[in-house]
Structure formats: structure tokens, C-alpha cells
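Structural overview for review
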Amino acid sequence: MVQGSVNLNIERGKEWLQDYVDNWVNFYQKQTDEGKVANYIPRLEHADPNTLGISIIGKNGTIIRSGDTDSEFSIQSISKVLSFIVACMERGLTYVLQRVDVEPTGESFNSIMHLEINQPKKPFNPLVNSGAITISSLLKGKTSDQKLEPLYQLLEKILGHRPEIDVDVYVSERDTSMRNRAIGYYLLEEGYLESDLSITLETYFKHCSLNVTVDDLAMIGLVLSNDGIHPNTDETLIPKQIARVAKSLMLTCGMYDASGKFASYVGIPAKSGVSGGILAVVPPRVREQDLPFIEGCGIGVFGPALDKQGNSIAGIKLLRHIANQWDLSLF
Ligand code: DON
């Protein structure tokens with residue numbers, strides 16, 4: 001039995017919330033043994049499978065952090081949400097959606113099959129590899145660094161610091177990622193790419209290798225929850241319409257081929273990555289006023305032991321538990 005499985009009353013204070021989250025993290029940390037760290041990118045294998053950490057940042061400034069909150073890890077596929085947002089900000093939503101669809105695949109993230117069977121002919125969505133590689137080709141700039149500069153600048157405004165690439169992870173993926181090269185050549189043959197293939201892949205590998213912490217993911221989630229406005233500065237960093245499409249993509253396609261289950265059992269937009277990170281967005285709720293984080297929050301989770309679909313095994317269980325306890329579901 002998980003400790004603290006009772007209805008919360010936020011009036012009892014933040015310390016009380018913190019105690020509950022600490023108990024839940026301790027409980028689910030023991031279940032990290034049931035998963036496996038990703039090893040198809042050799043550098044990822046070095047992660048400690050028993051790690052579990054979470055950061056929850058609310059619009060009113062409340063922060064709950066628990067477990068391993070200090071580790072840096074590569075953002076991996078979570079960066080696909082950001083590259084999509086930046087491409088839309090540069091090219092316009094209509095232009096981007098004419099080239100990449102917004103439909104879930106029900107297939108693994110690096111599937112090639114769906115590219116061949118899809119009508120109309122374009123990648124299914126920006127959160128699978130074919131879509132994300134196409135998005136990398138749409139980013140403006142001649143070099144990968146030029147293409148990624150606006151993404152770095154957006155992250156710098158959200159986080160208050162400029163993110164850095166984990167060079168070991170970047171090199172490890174660049175030198176082993178035959179599947180992504182195959183997808184790239186397929187996209188090139190079909191005429192989907194708007195930049196040179198090697199620059200496009202370099203851009204994709206680099207944004208997957210950006211280092212983040214659970215606090216960074218929670219801050220990104222908080223800005224998305226707040227319709228693209230940074231709650232500390234009131235600056236609109238992401239146009240509302242683009243933030244809205246990004247969140248709907250996270251809800252329908254963000255957790256690989258487990259997105260339907262995550263939407264059913266947790267009920268919030270989220271995006272995972274193979275290093276074990278999860279970015280989750282809790283929009284403001286319009287229910288009883290004493291629910292925790294009623295004005296919305298961002299959540300960052302890190303747990304590198306993955307389940308069969310490639311999602312953090314303990315991270316998913318922890319999020320499901322918190323969503324049930326705090327009534328986070330949109331539905
Ligand atoms: O393409 C890859 O293999 C990684 N850089 C990203 C993988 C990942 O996190 C899964 N994506 N949905």
C-alpha cells in the first residue's frame with residue numbers, strides 16, 4: 001500500500017504535500033528494478049537504473065522536489081516538442097502542418113513502416129523520428145548550430161540559463177544511429193526534407209543530446225501550462241495557438257505507443273525520452289478550489305529504467321499516482 005493514498009487538503013500546507021511526494025517517490029523508486037536502461041545509444045547505458053526524481057513547479061511559485069533532482073540527463077525525444085514549437089514560430093503553423101501531420105501512429109517512435117503507408121504522404125506527427133527529422137530540416141539556418149540557435153534562446157528564456165549539449169551522448173548517437181539515417185534517406189527520396197540530409201540529422205542528434213534536469217523539464221511544462229507565457233516575467237515566449245497544438249500532440253502522441261494508456265490513466269499532456277525523462281503539463285483546473293496546483297503546473301520526472309514501450313517505468317507509475325491523488329486529469 002502506498003503511503004498517503006488519501007484525499008489531499010492543500011490548506012494543510014506545502015510541507016504536507018512534500019511529505020506525500022517523498023513517500024510516493026520512495027515507494028516507486030523500489031520499482032525501478034522492473035525496467036531496463038536504454039542501450040541502443042551506447043552512452044545511455046551508463047545511467048543508474050535505480051534513479052527516480054521529480055520536480056513540480058506551480059504557477060504561484062510552489063515547488064515540490066523529491067528523489068534525485070540533481071542529475072543531468074539528455075533530453076532525447078522531449079526536445080521534439082521544442083523543435084516543433086520553434087519551427088512553427090519560424091515558418092508558421094500552417095506551413096509546418098502542411099509538411100508533418102498531427103496523427104498518432106500506434107507504432108514505435110523509429111518506425112519506417114508508417115511512412116510508406118500514410119496518405120496523404122507526410123510523416124504522421126512531429127514526435128516520431130520521421131516527423132522530428134523533417135522538422136529539423138524546416139528549421140532556418142545553414143548549419144546545425146544556426147538552426148538550433150532559436151531553440152537555445154527559447155530555452156534560455158524559459159530556464160534562465162543556456163542549455164548545453166552532452167557531447168558524449170551526441171557522438172554516441174551520431175555514430176550508431178543507422179535507423180535514423182535510414183529514415184533520413186527515405187525522407188530525402190520522398191522529397192520531404194528542406195535542408196541537406198547530413199545537416200538535418202546533425203541538428204536532430206544535437207537537440208536530442210541537450211542536457212536537462214527535472215527542474216528544467218518542470219519549467220518548460222509550466223510555460224506550456226500557462227499558454228506559452230512565462231509566469232515570472234509575463235513574457236509570451238510561445239504563441240498560444242502553437243503551445244496549444246504542442247500540448248495536443250503531447251497528449252495524443254507523446255508517450256510512444258503507450259499514449260492512449262497514458263491519456264486514459266493519467267490524462268495530461270506529456271512527452272517522454274529514452275534517457276528516462278518525462279515532461280508533463282498540468283493545465284489549470286476548474287474544479288474544487290482546494291486541489292493542489294489548481295492554477296496549473298509543470299512536472300519533470302527522471303527515471304532511466306524503461307518499460308517495454310520505452311517510457312520511464314517508475315516515472316509513469318509515479319505520475320499516475322499523483323494524477324489520481326490530485327485529480328490532475330483533463331477529462
Ligand atoms: O532518435 C533517437 O533514437 C533519439 N535521439 C530519441 C529517442 C527518443 O527519446 C525516443 N523518441 N520518441
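To keep things clear, this report deals only with the structure shown in the data block.

Thresholds applied
Residues numbered from 1 in each chain as written. Predicted model: local features only at pLDDT ≥ 70, side-chain atom pairs only at ≥ 80, totals over all residues. Heavy atoms only, no water. Near = heavy atom within 4 Å. Polar contact = N/O pair within 3.5 Å; in protein donor to acceptor, adjacent residues only side chain to side chain. Areas by Shrake-Rupley, 256 points an atom, 1.4 Å probe, with all protein chains shown as cover. 1 Å grid on protein atoms, 1.4 Å probe; cavity = no way out; pocket = protein on both sides within 12 Å on 5 of 7 lines; lining within 4 Å. Sits in = over half its atoms within 2 Å of the grid points. Nonpolar A, V, L, I, M, F, W, Y, C, P; charged D, E, K, R; others polar. Domains from an automatic or database assignment. Pairing = 2+ DSSP bridges. Helix = DSSP H or I, 4+ residues; strand = E, 2+ residues; numbered from the N terminus. Axes fitted to C-alpha atoms, helices over the stretch in contact; angles between N-to-C directions. Points joined across faces, edges and corners; volume = space filled by probe spheres on them.

**Quick word on the site of the ligand**
Near the ligand there are 15 residues, and of these Tyr40, Ser77, Glu173, Tyr204 and Tyr256 occur at the shortest range. A distance of 3.0 Å separates a nitrogen atom of the ligand from a polar atom in the side chain of Lys80. Computed on the free molecule, the ligand has an accessible area of 350 Å², of which 100% lies beneath the protein chains in the complex. Given that more than half its atoms are within 2 Å of the pocket grid, the ligand belongs to the largest cavity. Residue classes in the shell around the ligand are distributed as 7 nonpolar, 5 polar and 3 charged. Built from parts of two domains, the shell around the ligand gets at least three residues from each of domain 1 (10-74 + 212-326) and domain 2 (77-208).

**Let's talk about the sheet that holds strand S3 (residues 63-67)**
Ordered in space as S3-S2-S8-S7-S6, the 5 strands form an open sheet in which the pairing is antiparallel. Single-partner strands in this sheet number two, and they are S3 and strand S6 (270-272). Averaged over all pairs of adjacent strands, the angle between their axes in this sheet comes to 10°, without regard to strand direction. In this structure, strand S2 (residues 53-58) lies alongside strand S8 (residues 297-302), joined through 6 bridges in antiparallel fashion. Bridge pairing in S8 places Ile56 opposite Ile299.

**Here we look at empty space enclosed by the protein**
Under the defined criterion, the tally for this structure stands at 1 cavity of 30 Å³ or more. In this model, the largest cavity occupies a volume close to 40 Å³. Every residue along the wall of the largest cavity is listed here: Tyr40, Ile41, Gln76, Ser77, Lys80, Phe109, Asn129, Glu173, Tyr204, Cys208 and Val274. A breakdown of the residues in the lining of the largest cavity according to their chemical character gives 6 nonpolar, 3 polar and 2 charged.

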